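Below, each chain spelled out in residue letters.
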Amino acid sequence: MILVYILMSWLPNLRENFIGELLGKLVEPFLAPFRKIIPPLFGTIDISPIIAIVALRFAVVGLNSLVAMAFG
């Protein structure tokens with residue numbers, strides 16, 4: 001969802017349709033804390049979604065490890 005939301009930002013007015021608004025409601029609460037910590041580069045390049053995807057990936061790997069240890 002995050003990747004689709006990022007790609008939608010490249011096309012004008014795509015975020016303003018129903019799917020864009022729905023993705024915004026789902027993705028923005030997750031991205032908001034990262035945007036507070038990481039300012040845009042050069043004033044326009046927002047790398048917070050990349051950091052959010054990396055953090056989400058670490059969480060998935062961690063949960064997989066915990067489940068493997070618990071039920072291993």
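Everything below is about the structure printed above this text.
As the structure is a prediction and not an experimental result, all values here were calculated from the model.

Moving on, we get to the nonpolar core. In terms of nonpolar packing, the biggest core is built from eight residues, these being Ile-2, Tyr-5, Met-8, Leu-23, Val-27, Leu-31, Phe-34 and Ala-52. For this core, the secondary structure elements donating two or more residues are α1 (2–8) and α2 (18–37). Counting residues per element, this core draws most heavily on α2, at four residues. When sequence neighbours within four positions are dropped, the list of residues in contact with Ile-2 reads Val-27, Phe-30, Pro-49 and Ile-53.

Over its 24 residues, helix α3 (residues 48–71) extends 34 Å from the first C-alpha to the last, a length consistent with the 34 Å expected when each residue adds 1.5 Å. For α3, every residue scored as buried is listed here: Ser-48, Pro-49 and Ala-52. Buried residues in α3 make contact with α1 and α2.

Its volume calculated, the largest pocket comes out at about 180 Å³. Taken together, Tyr-5, Ile-6, Ser-9, Trp-10, Arg-15, Arg-35, Thr-44, Asp-46, Pro-49 and Ile-50 make up the full set of residues lining the largest pocket. Mapped onto the lining of the largest pocket, the elements with two or more residues apiece are α1 and α3. Across the lining of the largest pocket, the residue classes tally to five nonpolar, two polar and three charged.

Turning our eyes to something else, we now look at α2. With 20 residues, α2 should cover 28 Å at 1.5 Å per step; its first-to-last C-alpha distance of 29 Å lies within 8% of that length. Of all the bends in α2, the largest measures some 45° and sits at Glu-28, one to four residues before the proline Pro-29. Burial in α2 covers these residues: Gly-20, Leu-23, Gly-24, Val-27, Leu-31 and Phe-34. The elements touched by buried residues of α2 are α1 and α3.

What counts as what
Residues numbered from 1 in each chain as written. Predicted model: local features only at pLDDT ≥ 70, side-chain atom pairs only at ≥ 80, totals over all residues. Heavy atoms only, no water. Core = buried A, V, L, I, M, F, W, Y, C linked by side-chain atoms within 4.5 Å. Buried < 20%, exposed > 50% of the residue type's maximum accessible area, 1.4 Å probe, protein only. Helix = DSSP H or I, 4+ residues; strand = E, 2+ residues; numbered from the N terminus. Contact = heavy atoms within 4.5 Å. Expected span 1.5 Å × (residues − 1). 1 Å grid on protein atoms, 1.4 Å probe; cavity = no way out; pocket = protein on both sides within 12 Å on 5 of 7 lines; lining within 4 Å. Points joined across faces, edges and corners; volume = space filled by probe spheres on them. Nonpolar A, V, L, I, M, F, W, Y, C, P; charged D, E, K, R; others polar. Bend = angle between axes of the 7 residues up to and from the residue.

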